[in-house]
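The lines below spell out each chain.
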Amino acid sequence: MSADEIPESVRGYFGHDKVSLVGDGALPAAPPAPPGSPARRQGEIARAAALEAAGSPGARPGTRPAAIRPRPGAVRRMRLSGEAALMEQSMRDAAGRGDARAAPHPSVGLHWRRGFVPLYRALPWGVVSRFVTRGSGARGWRRSR
Amino acid sequence: MGEPISIAVVGGGAAGISAASMAKRTNPDATVVCCTEYEDVAYSPCGIPYVLGREIPEFERLFLIGPEQYAEVGIDLRRETSVSAIDLDNRTMTANGNNISWDRLIICSGFNYLLPEVEGNDVDGIVFVKNIRRGIELDQRLDSVKKAVVLEGTPLGVEMLAALAHRGIETHLVDPGSWLLSQIADADIAEPVQKSLEDLGVALHFGAELEGFERSGDGLAGVATSEGTIEADLCVVATHKEPETALARSIGLKVGSSGGIEVNARMRTSHEAVYAAGDCVEVPQGLTGIAVQGLTGAHAMQQGRVAGANAGDGDRTYDPVYVPWGMVGGNVQIGGASFGEHLATTLGIPHIVARANGISRARYYPGVQQVIVKLIAEPGTGKLIGAQMVGGEGVKERADFLAFALKRGVTLDDLAWMENVYSPPIGALYEPMSVAAQNGLAQL
Ligand SMILES: Cc1cc2nc3c(=O)[nH]c(=O)nc-3n(C[C@H](O)[C@H](O)[C@H](O)COP(=O)(O)OP(=O)(O)OC[C@H]3O[C@@H](n4cnc5c(N)ncnc54)[C@H](O)[C@@H]3O)c2cc1C
């Protein structure tokens, strides 16, 4: 099968030099971009440029794709701490049973561990889930199709 | 014929590129501009760890389309172009100092790794794997690295552990959690991956909190943790994926409880002319409606397509997610869908666990491997709420299938009686998912 015979829907979706040529049993194979293709050329350009820049000082795009979390609002703060407290407790329980190699390093304060976690766990899921969905639910969605 | 509108896309990752392509395909008369800070588009970042680990021979293979091919289909692709401001009233944005007008805007600004707020976090030797060109630079640097630390056992962290170990580098994981992939996987499911990484020589430090980075001259000398200092000349930061929402917040778009931009099922934000997709947004988990963010490249690509179609005057919706996931850790495949036992326990969701140790091919066929399947189901009804798997092969297809089954509300009874392929080289007579379901029925 030549690249031209690949249905437009597939070529448009993946790029025609990705889906090409012939595999076992005359099935279309999906080899990497072949030499001379635009994708391959771009790969060679990228590699040469990156190697030339390597080791030289100065920030380049994506040198530090890292960020400190923006100051969370009340809802996100509650969610972050609540989830961390519950998850860490569940890991501590697993470690206590010998099911995990180590207890987690605590990231939330004692009040979350000693106050929030027991309270949350005492409530049935039917009750808790309503709070969780109200606080952490996505808005403006149908549940499913 | 579509309306001759202008559509601007911020971001050239999986979401941005698929949004731009779909917008143009849906509305060929639209002007589509796509801006990205990076030098390249249409490459697979997912392949970078495997080139670094020498499993893929060269970076060039990760490029999927050449940039000129976007011009051929009428997309104005602007690389190394940073969008610094958006003006909602005038419907313009500033990109590398130039004004670009738009009728519809699609924000696909993606994610950043969460930067550890500790002493020395700017030291040379702390690296992030994201942009392919920086990956190529890192590849060269790895030739002289003797000892490395990977910060956090996230999916990327696990891939980088194996990659560094393959390069013969003394490799350590520092993770405050109790096991690998603890945000998504169960401890027993992660254990074979941990063992496999240890077989490659990786040292795993769980329950260890990062305390700082130690310098020697300009470079990194060690990583200080609550469990002591680990000598290292390189640290790969593979922390949580934090949504990049600075632009969205600057124009007052609503941001949700996960930190992602709020969108509706058409991927429209709180502003009628602005769409968003990919790792910068949050979408509902299918069973609970809880907003989740920072999913996978596959989710980013599909969300981008929905946003692009709608921005181009089409009509598509995106469904709540059941998040099939899977990967190779060491030499073992691990994956799942929706909730595992650990997450269900964490949230307090009542559940039973149905488990089976199965095999991937007929037991006499060369290459047969174990596949462990855990199904998590609602007590009483047996309705599936999640799954976890680990094994030598066949995890991805099962994860995809189970995510779809979850979406359709299947029960353990349905799975216990499911049909399956039996052919010695590719599947055993007893399908492990079905056996797990049968085992679970006894507990209902
Ligand atoms: C090393 C690595 C391995 C991965 N492995 C897998 C995998 O195995 N499976 C999988 O499914 N996914 C994988 N992913 C995908 C990843 O986890 C994300 O889900 C995916 O990259 C999200 O795509 P995105 O387009 O939303 O965001 P990003 O990939 O973060 O892209 C964001 C884009 O926005 C641009 N941008 C941001 N702000 C601006 C601005 N102000 N102006 C202009 N441009 C801007 C950036 O330049 C970039 O092009 C991997 C990613 C990486 C980096």
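Because the structure is predicted, anything quoted here is derived from the model rather than measured. (Residues numbered from 1 in each chain as written. Chains lettered and ligands numbered in written order. Predicted model: local features only at pLDDT ≥ 70, side-chain atom pairs only at ≥ 80, totals over all residues. Heavy atoms only, no water.)

(A) Representation of the sheet that holds strand β20 (residues 281-284) of chain B within the structure. Residue and element names in this part refer to chain B. Spatially, the 3 strands line up as an open sheet ordered β18-β20-β21, and their pairing is mixed. The open sheet has two edge strands with one neighbour each: β18 (261-262) and β21 (291-293). Examined bridge by bridge, β20 and β21 share 3 bridges and lie antiparallel to one another. Paired with Glu282 across the bridge in β21 is Gln293. (Pairing = 2+ DSSP bridges. Helix = DSSP H or I, 4+ residues; strand = E, 2+ residues; numbered from the N terminus.)

(B) A look at the packing of helix α2 (residues 38-53) of chain A against helix α4 (residues 132-142) of chain B. Between α2 of chain A and α4 of chain B, the least distance of the axes is 8 Å, while the angle of their chain directions is 55 degrees. Relative to α4 of chain B, the element α2 of chain A lies oblique. Helix-helix and strand crossings are classified by hand; for α2 of chain A and α4 of chain B the assignment is right-handed. Facing Gln42, Ile45, Ala46, Arg47, Ala49, Ala50, Leu51 and Ala53 of chain A of α2 of chain A, the residues of α4 of chain B in contact are Arg133, Ile136, Glu137 and Gln140 of chain B. Considering only residue class, the contact of α2 of chain A with α4 of chain B consists of 7 nonpolar, 2 polar and 3 charged. (Axes fitted to C-alpha atoms, helices over the stretch in contact; angles between N-to-C directions. Parallel < 35°, antiparallel > 145°, perpendicular 65-115°, else oblique. Left-handed = near helix turned anticlockwise from the far one by under 90°. Contact = heavy atoms within 4.5 Å. Nonpolar A, V, L, I, M, F, W, Y, C, P; charged D, E, K, R; others polar.)

(C) Spatial organisation of the interface of chain A and chain B. Taken together, the contact between chain A and chain B spans 67 residues of the former and 80 residues of the latter. If you sort the residues of chain A by the area they bury against chain B, Arg101, Trp125 and Trp141 of chain A come out on top, with a joint share of 13%. Between chain A and chain B we count 9 salt bridges in total. Between Glu242 of chain B and Arg76 of chain A there is a salt bridge, with its nearest N and O atoms 2.9 Å apart. (Buried area = accessible area lost by both parts, 1.4 Å probe. Salt bridge = Lys/Arg side-chain N within 4 Å of Asp/Glu carboxyl O.)

(D) Structural view of the state of the cysteines. Residue and element names in this part refer to chain B. As enumerated under the stated definition, the model contains 0 disulfides over all chains in all. Left without a disulfide partner, Cys35 is nearest to the cysteine sulfur of Cys34, which lies 6.8 Å away. With relative accessibility at 2%, the residue Cys35 sits in the buried group. (Disulfide = S-S within 2.5 Å. Buried < 20%, exposed > 50% of the residue type's maximum accessible area, 1.4 Å probe, protein only.)

(E) Summary view of the nonpolar core. Residue and element names in this part refer to chain B. Of all hydrophobic cores here, the largest spans 96 residues; its most connected members are Leu180, Phe213 and Ile334. Aside from chain neighbours lying at most four places away, what touches Ile334 is Leu181, Ala185, Ile189, Ala190, Val193, Trp325, Gly326, Met327, Met389, Val390 and Val395. Core analysis: the next-biggest nonpolar cluster, separate from the first, contains 60 residues, Ile75, Ala95, Ile261 and Val263 among them. (Core = buried A, V, L, I, M, F, W, Y, C linked by side-chain atoms within 4.5 Å.)

(F) Structural detail: the site of the ligand. Residues and elements named next belong to chain B. Taken together, 33 residues are adjacent to the ligand, and Val83, Lys130, Lys241, Asp279 and Gly297 come closest. Note that an oxygen atom of the ligand is positioned 2.7 Å from one of the side-chain N or O atoms of Lys130. Here an oxygen atom of the ligand sits 3.4 Å away from a polar atom, N or O, in the main chain of Thr296. Within the complex, the protein chains bury 86% of what would otherwise be the 1000 Å² of accessible surface of the ligand. Sorting the residues of the shell around the ligand by element identifies α1 (14-26), β8 (111-114), α5 (155-166) and α8 (297-311) as the ones contributing at least two each. (Near = heavy atom within 4 Å. Polar contact = N/O pair within 3.5 Å; in protein donor to acceptor, adjacent residues only side chain to side chain. Areas by Shrake-Rupley, 256 points an atom, 1.4 Å probe, with all protein chains shown as cover.)

(G) Main features of the pattern of salt bridges. Under the counting rule described, the total for this entry stands at 38 salt bridges over all chains. Between Arg101 of chain A and Glu198 of chain B there is a salt bridge, and its shortest N-O distance comes to 2.6 Å. Taken together, the residues Arg101 of chain A in the loop between α3 (74-96) and α4 (110-122) and Glu198 of chain B in helix α6 (residues 187-199) connect one chain to another. Relative accessible area serves as the criterion here: at 37%, Arg101 of chain A is assigned to the partly exposed category. Under the relative-accessibility criterion, Glu198 of chain B is labelled partly exposed at 33%. For Arg167 of chain B, the salt bridge goes to Asp139 of chain B, with nearest N and O atoms at 2.7 Å. With Arg167 of chain B in the loop between α5 and β11 (170-175) and Asp139 of chain B in helix α4, the pair connects residues that are 28 residues apart, well separated along the chain. A residue is classified by how much of its surface remains accessible, and Asp139 of chain B, at 13% relative accessible area, is buried. Linked through salt bridges whose partners overlap, the residues forming this network are Asp186, Asp188, Glu341, Arg355 and Lys374 of chain B.

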